[in-house]
Amino acid sequence: MSSHRPPEWDRLAATPQFHALLRAKSAFVVPACLFFCVYYFALPVLVGYFPEFMNRRVLGPLNIAYLFALSQFAMAWFIAFLYTRAARRFDAMAEEVVRLNDSPEGSGAQ
Amino acid sequence: MNVPLLIFLAFVALTLAITAWAARRSSGAASFFAAGRRITGWQNGLAVAGDYMSAASFLGIAGLIAFNGYDGFMYSVGWLVAYLTVLLVVAEPLRNAGKYTMADILAYRLSPRPVRAMAALATLTVSTFYMIAQMVGAGALVSLLLKDSGITYTTAVTGVGLLMIVYVVFGGMLATTWVQIVKAVLLMAGTLLLSVLVLGHFGFSFSAFFDAVTHVRYTVNGLPVEQDFFTPGLKYKPPYGALDLISLGMALIFGTAGLPHILIRFYTVPDARTARVSVVWAMAIIGAFYVMTTFLGFGAATIVGRDFISRNGGINMSAPLLAQALGGDTFFAFISAVAFATILAVVAGLTISASSSFSHDFWSNVVHHGSPRGPYEEVRVARITAFVVGVVAIALAILLGPGANVAFLVGLAFAVAASANLPAIVLSIFWKRFNTAGAVAALGAGLASSIVLILVGPSVRGPANALFPLENPGIVSIPIGFAAAVLATLASGDRSSEARFAELQVRGNTGLGAEKPTAH
């Protein structure tokens, strides 16, 4: 993102637009990280402490352990997809903050 | 001349051509360290995949699954899911706020000299250990595959070492990037072909394939055994198996986002948005690869068999032997060349990571206090470092010999990255109060605890003499790293780092002031 003035960091950090950007990002990233960590670590925990349960066949010869492991790939790709979509919004909000740096008096297109 | 050697040489010739091309285009620090920041999203995605998937992934996982079934697949899962940390937490702020190395983001608002010195130490530790493991693996692999050509372990190690020195010294990050891209394409092609052939062996019937996996036959101490290889727990057994798996998982999830050679890849793209796109591409490629390790590993287990593999080069030969069983000697040669390319691409990435850190972090900023150097000095120092690092790695790999157990070196690299680097990076980006004392403590305590716990653990001392029961120290050393960071920050009472937090936040989140691509 380009801007023509040397950035006024403290002023920008105090703007409502920047706070909105941080809030929007946290609202996605924090739950996403918590979710993927819980989902991922469930795998070694279940496999390590409940191996007989995880060994139960559910789809032909495939057991819960293998299917749950496969589902981790789908989970990771899905979260990456969701983030890509959300990030478009974050990019737009970041652009707004950058524009604020150019035009504190409201005068400036880039 | 034999076919495997020819294919190897063809790949080497291609990479040297790439290096010559890159050398002509290189000029200046941004070009040498960051390929001019002109690598596109999909290119960097391929390069990250090529940088990340090492011989441990291709040969190691295939072998682990071929011998132990399901437990090996756990590695595959962790190695992909780890990229969520990179995507959600680290990649974009790093690109926005840093320049050439991981330490750039740490030193942004902290006192540069102590932080960069520690970060350079952590980077050199991770990169060197990882590199030695790759080179021992390369030496063992190449000497085994080309034993009819009379190429010994020492020759192979020296050859790999010389090549990686040439790539980095003459071609810098641009050559490294394209070698990684070529390798990624070769690896995916080879793996896809192998997977299709495995399924073809079972008449393209998934159920026939999975059925065979439930009846894997081999011998244990001379007695025939039949095992369902989907069963978890064949390798990670009680009493500590579960904890070891969790510890490994932690090292992977937290460590990947702290691996310097992966992080510096994100400096080669024009902006943070492209960095994000490249992580998504990398996840698609890496994920597809790790799903296919199902076919590589279970295929080797059912079609070749553990006993045959043990008698013909050992567990790391599972994938090449599978290729031989399915496609004859030509395919064996191709897959072996792919494995060799895999190692070369990774060691090049590690070499440039180590040399940029030494030059940019230690030489320019610690030794010379960040005073402006001549335009090419940083690059010259990095080239010299690459040469020295290469020579040292060759020497150590030859000293350790082909039989060395190097799996622990890679595990160590991840543990250090997770316990030392990641706490420092994350707290620097997100915690206003985090200060220099905290960063130095995180790096120091994380580094020390992972190294000590591995040295007294079963990988080094053997299961019977181990003072620490887990192969992977993550579950202990990662909390130690974070705790040290927090305690040292609060204890030191130094608040000076808060002054530039607003700047780091704005820059990290918006890209204002980020390093731009350079013109050629």
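### Brief notes about the overall build of chain A
Next, step 1: Counting secondary structure elements, chain A contains four helices and two strands.
Next, step 2: Beginning at the N terminus, the succession of helices and strands in chain A can be written as α-α-α-β-β-α.
Next, step 3: Along the three orthogonal principal directions, the C-alpha set of chain A runs to about 70 × 20 × 20 Å.
Next, step 4: Counting all 110 residues of chain A, 40% fall into the buried class.

### Comments concerning the overall build of chain B
Next, step 1: When its secondary structure is counted, chain B shows 21 helices and two strands.
Next, step 2: The globule rule puts the C-alpha radius of gyration for 520 residues at 24 Å, and the 22 Å found for chain B is close to it.
Next, step 3: Taken over the C-alpha atoms alone, chain B extends approximately 70 × 55 × 40 Å along its principal axes.
Next, step 4: The burial tally for chain B puts 63% of its 520 residues in the buried class.
Next, step 5: Taking the contacts inside chain B whose residues are at least 6 apart along the sequence as the reference set, 81% of them involve residues at least 24 apart.
Next, step 6: As displayed, chain B offers around 16700 Å² of accessible surface, 67% of which is attributable to carbon and sulfur atoms.
Next, step 7: Positive and negative charge centroids in chain B, built from 29 and 20 side chains respectively, lie 9 Å apart.

### A word on the packing of aromatic side chains
In this description, a pair of aromatic rings is defined by centroid distance and the angle of the planes.
Next, step 1: Counted according to the given criterion, the structure contains 34 aromatic pairs over all chains.
Next, step 2: Ring centres of Phe73 of chain A and Trp77 of chain A lie 6.3 Å apart, and the angle between their planes is 55°; this geometry places the pair in the tilted category. Within this pair, Phe73 of chain A and its partner Trp77 of chain A are both found in helix α4 (residues 64-102), separated by four residues, close to a single helical turn.
Next, step 3: Taken together, Tyr66, Phe73 and Trp77 of chain A together with Phe73, Phe202, Phe206, Phe209, Phe210, Phe230, Phe295 and Phe298 of chain B form an aromatic cluster joined through their ring pairs.
Next, step 4: Geometry around Tyr236 of chain B places Lys235 of chain B over its ring, the cationic atom sitting 5.3 Å from the centre.
Next, step 5: Just above the ring of Tyr108 of chain B sits the side chain of Arg500 of chain B; from NZ or CZ to the centre is 4.7 Å.

### Description of the pattern of salt bridges
Next, step 1: This model, assessed by the stated rule, comprises 10 salt bridges over all chains.
Next, step 2: A salt bridge links Glu95 of chain A to Arg99 of chain A; the nearest nitrogen and oxygen atoms lie 3.9 Å apart. Of this pair, Glu95 of chain A and Arg99 of chain A both sit in helix α4, four residues apart, which is roughly one turn of the helix.
Next, step 3: Here Glu226 of chain B ties to Arg217 of chain B by a salt bridge, and the two come within 3.0 Å at their closest N and O atoms.
Next, step 4: Through salt bridges with shared partners, one network takes in Asp91 of chain A together with Glu92 and Arg276 of chain B.

### With respect to the interface of chain A and chain B
Next, step 1: The partner chain B presents 49 residues to the 50 residues of chain A that form the contact.
Next, step 2: Counting the surface lost from both chain A and chain B, the interface buries some 4300 Å², and carbon and sulfur atoms represent 76% of this.
Next, step 3: Looking at the side of chain A facing chain B, the largest losses of area belong to Trp9, Tyr66 and Phe73 of chain A, adding up to 17% of the total buried there.
Next, step 4: At the junction of chain A and chain B, the tally comes to two salt bridges.
Next, step 5: We note a salt bridge from Asp91 of chain A to Arg276 of chain B, for which the minimum N-O separation is 2.7 Å.
Next, step 6: One can count eight residue pairs in polar contact (both at pLDDT 80 or more) joining chain A with chain B.
Next, step 7: When contributions to the side of chain A that touches chain B are tallied by element, the ones reaching two or more residues are α1 (9-14), α2 (16-49), α3 (51-54), β2 (62-63) and α4 of chain A.
Next, step 8: With 19 residues, the single largest contributor to the side of chain A that touches chain B is α4 of chain A.
Next, step 9: For the side of chain A that touches chain B, the residue count by class is 39 nonpolar, seven polar and four charged.

### Points about the nonpolar core
Next, step 1: The biggest cluster of nonpolar side chains holds 225 residues, and the ones touching the most others in it are Tyr52, Phe58, Leu88, Met135 and Tyr290 of chain B.
Next, step 2: The leading source of residues in this core is helix α9 (residues 153-201) of chain B, at 22 residues.
Next, step 3: Discounting residues that sit within four places of it in the chain, Tyr290 of chain B has contacts with Phe73 of chain A together with Tyr52, Met53, Ser57, Ile61, Phe73, Ser76, Trp79 and Leu80 of chain B.

### Points about the pairing of strand β1 (residues 216-220) of chain B
Next, step 1: Strand direction decides the pairing type here: β1 of chain B and strand β2 (residues 223-227) of chain B, joined by five bridges, are antiparallel. When the bridges of β2 of chain B are listed, Arg217 of chain B appears paired with Glu226 of chain B.

### Regarding the environment of Met118 of chain B
Residue and element names in this part refer to chain B.
Next, step 1: With respect to the helices and strands, Met118 occurs in helix α8 (residues 112-145).
Next, step 2: Judged by relative accessible area, Met118 falls into the buried class, the value being 19%.
Next, step 3: With 329 residues separating them in the primary sequence, Met118 and Leu447 have C-alpha atoms 9.6 Å apart.
Next, step 4: Excluding residues within four positions of it along the chain, Met118 makes contact with Val440, Leu443 and Gly444.

### Here we look at the environment of Leu174 of chain B
All names here are of chain B.
Next, step 1: Turning to its location among the elements, Leu174 is positioned in helix α9.
Next, step 2: With 229 residues separating them in the primary sequence, Leu174 and Gly403 have C-alpha atoms 34 Å apart.
Next, step 3: With residues up to four places along the chain from it excluded, the contact list for Leu174 reads Trp21, Ala22, Arg25, Ser31, Ala35 and Ile39.

### Some words on the confidence of the model for chain A
Next, step 1: Here chain A shows a mean pLDDT of 89. Residues at 70 or above account for 90%.
Next, step 2: Across residues 105-110 of chain A, where pLDDT falls below 50, the model places eight contacts with residues more than four positions away in sequence or in other chains.

### So, the state of the cysteines
Next, step 1: Counted under the stated rule, the structure contains zero disulfides over all chains.
Next, step 2: Here Cys37 of chain A stays free of any disulfide, with the sulfur of Cys33 of chain A as its closest cysteine sulfur at 6.4 Å.

### Here we look at a nonpolar patch on the surface
Residue and element names in this part refer to chain B.
Next, step 1: The grouping of Ile384, Phe387, Val388, Val391, Val392, Leu396 and Leu399 at the surface amounts to a nonpolar patch, some 630 Å² of accessible area in total.
Next, step 2: By secondary structure assignment, the location of Val388 is in helix α16 (residues 377-400).
Next, step 3: By relative accessible area, Val388 is classed as partly exposed at 43%.

Cut-offs applied
Residues numbered from 1 in each chain as written. Chains lettered and ligands numbered in written order. Predicted model: local features only at pLDDT ≥ 70, side-chain atom pairs only at ≥ 80, totals over all residues. Heavy atoms only, no water. Helix = DSSP H or I, 4+ residues; strand = E, 2+ residues; numbered from the N terminus. Buried < 20%, exposed > 50% of the residue type's maximum accessible area, 1.4 Å probe, protein only. Rg over C-alpha atoms; globule rule 2.2 N^0.38 Å. Contact = heavy atoms within 4.5 Å. Areas by Shrake-Rupley, 256 points an atom, 1.4 Å probe, with all protein chains shown as cover. Lys, Arg positive; Asp, Glu negative; His and termini not counted. Charge placed at Lys NZ, Arg CZ, Asp CG, Glu CD. Phe/Tyr/Trp six-rings, centres within 6.5 Å; stacked < 30°, edge-to-face > 60°. Lys NZ or Arg CZ within 6 Å of the ring centre and 35° of its normal. Salt bridge = Lys/Arg side-chain N within 4 Å of Asp/Glu carboxyl O. Buried area = accessible area lost by both parts, 1.4 Å probe. Polar contact = N/O pair within 3.5 Å; in protein donor to acceptor, adjacent residues only side chain to side chain. Nonpolar A, V, L, I, M, F, W, Y, C, P; charged D, E, K, R; others polar. Core = buried A, V, L, I, M, F, W, Y, C linked by side-chain atoms within 4.5 Å. Pairing = 2+ DSSP bridges. pLDDT = per-residue confidence, 0-100. Disulfide = S-S within 2.5 Å. Patch = residues over 30% accessible without salt bridge, like charges linked within 9 Å, V, L, I, M, F, W, Y side chains within 5 Å.

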